Structures are given as C-alpha cells and as structure tokens.
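# Structural description and commentary
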Amino acid sequence: MNGQIVFLLCLLSFVIGAAILGFIMFKVGEKHRKKFAEAHVESAEKEALRIINEANEKAETKKKTALVEAKDEIYKLRGEAEKDIARQKQESERELKERRSELNRTERRLQQKEESIEKKNDKIEKLEESLVHKNKLLDEKLETAEQMKVSQREKLEQISGFTTEQAKEHLLSLLDGELDHEKAVRILAHEQKVKDECDAKARGYISLAIARLASETVSEIAVSVVPLPSDEMKGRIIGREGRNIRTLEQLTGVDLIIDDTPEAITLSSHDRVRREIARISLERLIQDGRIHPARIEEMVEKAKHEIEMKIKQEGERAILDTNVNGVNHEIVKLLGRLYYRTSYSQNVLAHSIEVAHLSGILAAELGVDANLARRAGLLHDIGKALSHEIDGSHVHIGVEVCKKYKETPEVIHAIEAHHGDVEVKTVIAAIVQAADAISAARPGARSENYENYIKRLEKLEEICTSYNGVEKSFAIQAGREVRIMIKPETVNDDGMVVLAREIAQRIEGEMDYPGQIKVHLIRESRTIDFAK
C-alpha cells in the first residue's frame, strides 16, 4: 500500500515537472518566433523602400527624357510650320501676281472690245440712216407700182371683158382640172409603188404558207347513212307501233328517215354530235340484235360517253398538231367539240388547225412570235363550240371564254378582230385575220349558200351602179371581179382612177367577202359618121 502511494507521488511529480518544462519551452519558442517575425517584417519594409526609391528614380529619369524629346519635337514642328507658312506666303504672292496679270489682260481685252463695239455702233447708225432713206424710196416706188397695177388691171378688164371675180373663177376652174390630173397621177404612182413593194412580199408569204401547209379539203354534210344487213331490220328498228324509233329520236334529237332506200337508214340533223351519237347507237343495236327502249337507252348513254372521250382526244390532238402549250383543260374540251361543228360545210376544228399553221408560218416570215400566232389562230373560232347554246356571235363568245380562262390580251384581241368587229391593233391579229381568210377562201374549202351568193353579187353590182358616170356593172369570176362600164362623156381618164379607189373603199366598208375583189373600170369612146 505504501509502495503504491510512493509510486503515485513520483508519477505526479514527474507530470508536474514535464508540464513546467513544456511551458518554459513554449515561452522560449514564442519569444524566438516573435524576434524572427519582427526581423522578417523589417527586411520586407527595407526591400519595399528600396523598390519604391528605384521606381521613383526611373520615373524621374523617364520624365526628364520625355521632356527633352517633347521639346525637340516642339522645336522640329515649329520649324516645319514656319517653313510651311513661308512657302504658302510665297505661293499666295505668286498667285496674286498671276491674278493681277490676268486682270490686266482682261481689262485690255475689254477695252479692245469696247472700241470695236463703238466702231460697229457707228457703222450700224450709218446703215440705219441709209435704210431709212431706202425705205422712203421703196414706199414711193410701191405707191407708183400700185397706181400702175390699178391702171393695168383696168386696162386688162377692158381688153379681156372679165371682171376680177370672173377671172378668179376662170382660173380656179382651170386649176381644178389640173389638180384632178395631178391627183390621179399621184394616186397611180402611189398605188404602183405600194403594189411593187408589197404585192410581191405578200404573195410570197402567202404562197409559201399555203405551199408548206398541205391540208385536206373536206365538206361536211348534214346527214349520215347507216347500212342494214337486210330490209327486215327496218321493221325491228321501227318497233311495235313505232316505239323503238320514237325512243331513239327522243333520246338523240335526230330524225331517222326510213324510205325506199334498200338496206339503209338515213340520220338527219344539223348537230353532228347528236347525229354521231345516233349513228353509233344504231350500229351497235343492229350488231347486238336486241332492239327495245331499255336497250336503246343503254346504247345511247354508252355512245354519249364515247363521244365525250372522242371530243377530249380531238382537242388534245389539235394541241399536239399545232404545238400550243399551256392551254386550259376546259378550252381543250371546247376545241374537241369543234370537231363536230361545221361552218359553210367546213369542219371548224380542221379549219382552226389550218389557221394556226398558216399563222405560225406567216409570223415566222414576218419575224414576230410564231408560238403566240399559232395559239391565236387555233383559238380564233373557239366561240363556235358554244354558239348554238349561248346567245351572241361566236366572236363575242370566244372573247368571253378566253377572258374567263385567263388567255393573254394578244390572243383575245386577235379573236375579237379576226372578222373586223374591232380595229386591228397588233401584228398577230392581222396575221390571224389573213390566215382565216386564206383558209376560208381556198377553192372547195367552203360551200356557200346559193341565195347568199346571189345576194352578194347583187349588192356588189348595186354599189358600183350607184355612182354618177357608171353605165353598167357586171360581177364576174364568182364575185372576185367586177367590171364597170363608164360613160366617157361624164368621167375622163383621170377621174377613173379616183372613182375606182372610191368604189373599192366602199366595197371594203359595206361588204363581207373572202379574199379580194378586183374593181375593173372600162371607158370607151366611139365616134360614128356616115358618108353620103
């Protein structure tokens, strides 16, 4: 027990001694660190002062150097400025001297001009004095001449027996005769010049266009004939109490003529579409053998669908034949309908294609847009596809249709002007008008109504005989020439030229005709005497 206490006391004294020793060492270290820190701070402050002193010395040195350089630059600039001022001063003095010398020269020139002007004024004054004197002399001479003129006029009136007014009338009558002759000569010369220059070109263009375009001449008729296998088929087509034939006529709008013609039935209608539907329906009914109202109705519907397809195909064919692109599909359908339309027994679609080709050829020869000319030529009669359904002329209908489907203004104007309803304003319109006349006027292209033909010839002769001095007139060569017999005692040779032009202009203004009409005036003088 005592041993443990002694051990504990020894241990406690050891711990206390260690603590005292540690405290003493801590204090010694703290003093040492404080001295070290103070020495480090003192050295840092010395280093900072040294750096600051060096920086101040360098800044002072640079400042002095900059001041020296600035002073040198100032001296240099001042020297250059003084030199520039001296140079400018010298140049100003030189310019001033030059201006003064120029002013001196100008003053000398002005003085010389003033002297010359004074001399000219002196001359002008002298001339004015001489002119005044001469005017006085001229006035005196004019008075004398006027007196002589009056006296001579009185003497002439006494000698001739004419007063002044009578003499004027006599001279004017002589002048009228001379003017008629001069006018006739000028008209002949002008017409001859125009013919020499234009006829050859026009004929060449037209001949070339016609020669390059070989079109068939086909005349359409208003009836179709359907062959029958036997006359017994006629009775089956008529049906019990005529019900089959009545149904077919009602559905197609075509007259079926069953006469004594062996093994044939005639279909009559001016509407070729209806006639074609009736022909196709009847031929298929004959092939099928079953002929009754229900079957007839079915065949008619199939034929109508087939004709619609045919119309579309014909319109597309016309577009391809003429190489016209970008046409509205509705206009293509209307073109196809022209395949079943006729004008003076001429197929309208064939006529339109021909006009398109002729227009393209003429346009190419004249150096204008051939594609536009073909387009206008193809569409010029488009209104005829609807003229039997809409009131109005085919020209007006065609214009409205093309406006509706956004055709170009040039094409619309060509359609509007191709029959002369409006004045031709473009070359394309004139070309289409000429191509339309060429296509219509070709021999055999159209068959004209006999009554209209006679009326046209009578109108032609009536216009010619209405003029004073015309004895008789005769329309010959199917109305393409009119020969006029002139009274020789009424119209002289010079007056014939003027009269022929007046008659031609009136025919152009009042008549519609294909091609051209030759106006041929004949004046014959005969003298008869008898020897007794």
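In this text, all values refer to a predicted model and were calculated from it rather than measured experimentally.

## Comments concerning the overall build of the protein chain
Helices and strands together make up the secondary structure of the protein chain, namely 14 helices and 8 strands. Split into buried and exposed, the 532 residues of the protein chain put 27% on the buried side.

## Brief notes about the packing of helix H5 (residues 272-288) against helix H6 (residues 293-322)
It is at 8 Å that the axes of H5 and H6 come closest, and there the two elements cross at 130°. One finds that H5 runs oblique with respect to H6. Crossing of H5 over H6 shows right-handed handedness. On H6, the residues touching Val-273, Glu-276, Ile-277, Ile-280, Ser-281, Arg-284, Leu-285 and Asp-288 of H5 are Arg-295, Ile-296, Met-299, Val-300, Lys-302, Ala-303, Lys-304, Glu-306 and Ile-307. Among the residues forming the contact of H5 with H6, the class breakdown is 9 nonpolar, 1 polar and 7 charged.

## Focus on the packing of H6 against helix H8 (residues 348-366)
For any two helices packed against each other, the geometry is given by the interaxial angle and the distance between the axes. The interhelical angle for the contact between H6 and H8, taken along N-to-C directions, is 15°, at an axis separation of 10 Å. Taken together, the axes of H6 and H8 are roughly parallel relative to one another. Regarding H6 and H8, the two cross each other, and that crossing is right-handed. On H8, the residues touching Glu-314, Arg-317, Ala-318, Asp-321 and Thr-322 of H6 are Leu-349, Ile-353, Ala-356 and His-357.

## A closer look at the packing of aromatic side chains
Taken as a whole, this structure holds 1 aromatic pair when the rule is applied. Note on Tyr-339 and Tyr-340: the rings are 4.9 Å apart at their centroids and 85° apart in plane angle, and the pair reads as edge-to-face. Of the residues examined, Tyr-340 reaches a relative accessible area of 3% and is grouped as buried.

## Here's the deal with the nonpolar core
In this structure, Leu-335, Leu-338, Leu-378, Leu-379, Ile-382 and Ile-428 are the most contacted members of the largest nonpolar core, which totals 41 residues. Within the residue set of this core, elements represented by two or more residues are H6, helix H7 (329-337), H8, helix H9 (370-379), helix H10 (394-404), helix H11 (409-417) and helix H12 (427-441). Looking at this core, the element that brings in the most residues is H8, giving 8 residues. Sequence-distant contacts of Leu-379, defined by excluding residues within four places in its chain, comprise Ile-331, Leu-335, Cys-402, Glu-407, Val-411 and Ile-415.

## Structural notes on the sheet that holds strand S7 (residues 481-486)
For sheets, the rule is that strands pair by backbone hydrogen bonds, running either parallel or antiparallel. Spatial strand order, S6-S7-S8: 3 strands in an open sheet with mixed pairing. Two strands lie at the open edges of the sheet, namely strand S6 (470-476) and strand S8 (518-523), each paired on one side alone. The mean angle between the axes of side-by-side strands here comes to 20°, regardless of whether they run parallel or antiparallel. Sheet analysis places S7 next to S8, joined by 6 bridges and oriented parallel. Of the residues in S8, the one forming a bridge with Met-485 is Ile-522.

## Focus on the pairing of strand S3 (residues 264-268)
Counted residue by residue, S3 has 4 buried out of 5 residues, so it is predominantly covered. As defined by bridge partners, strand S2 (residues 255-257) adjoins S3 across 3 bridges and the pair is classed as antiparallel. When the sheet's bridge partners are listed, Asp-255 is paired in S3 with Ser-268.

## Description of the confidence of the model for the protein chain
The predicted model of the protein chain averages 81 in pLDDT, with 85% of residues at 70 or higher. The low-confidence segment residues 216-220 (pLDDT under 50) makes 15 contacts with residues lying over four places distant or belonging to another chain.

## Points about H5
Here H5 contains 17 residues, and its C-alpha end-to-end distance of 24 Å stays within 8% of the 24 Å for a straight helix at 1.5 Å per residue. Restricting attention to buried positions, one finds in H5 the residues Arg-272, Arg-275, Glu-276, Ile-277, Ala-278, Ile-280, Ser-281, Leu-282, Leu-285 and Ile-286. The positive-phi residue at the C-terminal boundary of H5 is Gly-289, with phi of around 90°.

## Quick notes on a positive patch on the surface
A contiguous patch of positive charge on the surface is contributed by Lys-119, Lys-120, Lys-123 and Lys-126. Topologically, Lys-123 is positioned in helix H1 (residues 2-160).

## Points about the pattern of salt bridges
This model, assessed by the stated rule, comprises 21 salt bridges. In this structure, a network of salt bridges that share partners links the residues Asp-288, Arg-290, Arg-295, Glu-298 and Lys-302.

## Section: a negative patch on the surface
A contiguous patch of negative charge on the surface is contributed by Glu-114, Glu-115, Glu-118, Asp-122, Glu-125, Glu-128 and Glu-129. Following the sequence through the fold, Glu-125 ends up in helix H1.

## Considerations on the side chain of Glu-314
Turning to its location among the elements, Glu-314 is positioned in helix H6. Given the relative accessible area of 7%, Glu-314 is considered buried. In contact with Glu-314, not counting residues within four places along its chain, are Gly-336, Tyr-339 and Leu-349.

## Describing unusual backbone geometry
Phi at Asn-323 takes a positive value of approximately 60°, unusual for a residue other than glycine. Among the secondary structure elements, Asn-323 is positioned in the loop between H6 and H7.

## Remarks on the side chain of Thr-322
Tracing the backbone through its elements, the reader meets Thr-322 in helix H6. With relative accessibility at 1%, the residue Thr-322 sits in the buried group. From its side chain, Thr-322 meets the backbone oxygen of Ala-318 in a polar contact 2.8 Å long. If we skip the residues at most four places from it in the chain, Thr-322 touches Ile-353, Ala-356, His-357, Arg-374 and Leu-378.

## Observations regarding the environment of Arg-279
Of note, Arg-279 is situated in helix H5. Residue classification places Arg-279 among the partly exposed residues on the basis of a relative accessible area of 22%. Spatially, the C-alpha atom of Arg-279 lies 9.4 Å from that of Thr-266, the residues being 13 residues apart in sequence. The contact partners of Arg-279, leaving out residues within four places of it in the chain, are Val-226 and Leu-267. A distance of 2.4 Å separates polar atoms of two side chains, one belonging to Arg-279 and the other to Glu-276.

Reading guide: rules and limits
- Residues numbered from 1 in each chain as written.
- Predicted model: local features only at pLDDT ≥ 70, side-chain atom pairs only at ≥ 80, totals over all residues.
- Heavy atoms only, no water.
- Helix = DSSP H or I, 4+ residues; strand = E, 2+ residues; numbered from the N terminus.
- Buried < 20%, exposed > 50% of the residue type's maximum accessible area, 1.4 Å probe, protein only.
- Axes fitted to C-alpha atoms, helices over the stretch in contact; angles between N-to-C directions.
- Parallel < 35°, antiparallel > 145°, perpendicular 65-115°, else oblique.
- Left-handed = near helix turned anticlockwise from the far one by under 90°.
- Contact = heavy atoms within 4.5 Å.
- Nonpolar A, V, L, I, M, F, W, Y, C, P; charged D, E, K, R; others polar.
- Phe/Tyr/Trp six-rings, centres within 6.5 Å; stacked < 30°, edge-to-face > 60°.
- Core = buried A, V, L, I, M, F, W, Y, C linked by side-chain atoms within 4.5 Å.
- Pairing = 2+ DSSP bridges.
- pLDDT = per-residue confidence, 0-100.
- Expected span 1.5 Å × (residues − 1).
- Patch = residues over 30% accessible without salt bridge, like charges linked within 9 Å, V, L, I, M, F, W, Y side chains within 5 Å.
- Areas by Shrake-Rupley, 256 points an atom, 1.4 Å probe, with all protein chains shown as cover.
- Salt bridge = Lys/Arg side-chain N within 4 Å of Asp/Glu carboxyl O.
- Lys, Arg positive; Asp, Glu negative; His and termini not counted.
- Charge placed at Lys NZ, Arg CZ, Asp CG, Glu CD.
- Polar contact = N/O pair within 3.5 Å; in protein donor to acceptor, adjacent residues only side chain to side chain.

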